[in-house]
Amino acid sequence: WRSPQGATVELRARRVVPLQAGALLCIRLELQSIDYSGPVTFDSALSGEREAPPQGDDPRIGAGADAGFEFAQLAIDADAACVAQRARRSGIAVYAEQRHAPGDGVAFERAYAGSASAHQVYGGVFTPGATLVIEKFVAYAWSEHGSPQPVDALAARARQTLAAAGSYAAQA
């Protein structure tokens, strides 16, 4: 990728969805400077700010008519970011939590919340030829229709998945 100022960087993204780990997503981002010197920022988010587009007349879809999700929990700090939502009609809840493994030269800078998103910001400084790496792990848990679970129980399941994940290499 070449910036409008002419600096060049190469981004490699590898995503793994391990079948044996259940509800887990692993992403490894490698950003290499070709000729750029300066700061780099990774803004990693869990976002629930998108509305589902209308899908026709099928009432099971859940878009429109105030049938979507409402927020039950939004939390962020240096260790994790989480978003929990609950369906207004069925009560089904979904919980997602992300954690990161920053590589050498990448450090946590800050956390912030959007209206329906949780962000963790990491940064580093580039010199030409340098590579910065960050690994992101997202685990999620959900309740079943007719069997509501408190958000705390869903969070415990997601955290158990994250704890068992280990490293990106262990999942790839």
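As the structure is a prediction and not an experimental result, all values here were calculated from the model. (Residues numbered from 1 in each chain as written. Predicted model: local features only at pLDDT ≥ 70, side-chain atom pairs only at ≥ 80, totals over all residues. Heavy atoms only, no water.)

**Digging into the overall build of the protein chain**
Then, in step 1: Of regular secondary structure, the protein chain possesses two helices and nine strands.
Then, in step 2: Along the protein chain, from the amino end to the carboxyl end, the secondary structure elements read β-β-β-β-β-β-β-β-β-α-α.
Then, in step 3: Carbon and sulfur atoms provide 52% of the accessible area of the protein chain, an area that totals close to 9800 Å². (Helix = DSSP H or I, 4+ residues; strand = E, 2+ residues; numbered from the N terminus. Areas by Shrake-Rupley, 256 points an atom, 1.4 Å probe, with all protein chains shown as cover.)

**Some thoughts on the side chain of Ser 44**
Then, in step 1: Tracing the backbone through its elements, the reader meets Ser 44 in strand S3 (residues 38–47).
Then, in step 2: Among the polar contacts made by the side chain of Ser 44, one reaches the side chain of Lys 136 at a distance of 3.1 Å.
Then, in step 3: Residues in contact with Ser 44, not counting those within four places in the same chain, are Gln 98, His 100, Ala 118, His 119, Gln 120 and Lys 136. (Polar contact = N/O pair within 3.5 Å; in protein donor to acceptor, adjacent residues only side chain to side chain. Contact = heavy atoms within 4.5 Å.)

**Describing the confidence of the model for the protein chain**
Then, in step 1: In the predicted model, the protein chain carries a mean pLDDT of 84, and 83% of its residues have values of at least 70.
Then, in step 2: Within the protein chain, the element-level pLDDT minimum falls on helix H2 (residues 168–171), averaging 65, and the maximum on strand S7 (residues 107–113), averaging 95. (pLDDT = per-residue confidence, 0-100.)

**Points about the sheet that holds strand S8 (residues 117–126)**
Then, in step 1: Strand order in this open sheet of three strands is S3-S8-S7, and the pairing throughout is antiparallel. Only two strands of the sheet have a single neighbouring strand rather than two, namely S3 and S7. For this sheet, the mean angle separating the axes of adjacent strands, direction not counted, is 20 degrees.
Then, in step 2: For S7 and S8, the ladder comprises six bridges, and the chain directions are antiparallel. Bridge pairing links Tyr 112 to His 119 in S8. (Pairing = 2+ DSSP bridges. Axes fitted to C-alpha atoms, helices over the stretch in contact; angles between N-to-C directions.)

**Let's talk about the pattern of salt bridges**
Then, in step 1: Counted by the stated rule, this structure contains seven salt bridges.
Then, in step 2: A salt bridge links Glu 97 to Arg 159; the shortest N-O distance between them is 3.0 Å. Within this pair, whereas Glu 97 is found in strand S6 (residues 93–102), its partner Arg 159 is found in helix H1 (residues 151–165), the two being separated by 62 residues in sequence.
Then, in step 3: The class of Arg 159 is partly exposed, set by a relative accessible area of 39%.
Then, in step 4: In the salt-bridge network here, residues are joined through shared partners; they are Glu 10, Arg 12, Arg 14, Arg 28, Glu 30 and Glu 135. (Salt bridge = Lys/Arg side-chain N within 4 Å of Asp/Glu carboxyl O. Buried < 20%, exposed > 50% of the residue type's maximum accessible area, 1.4 Å probe, protein only.)

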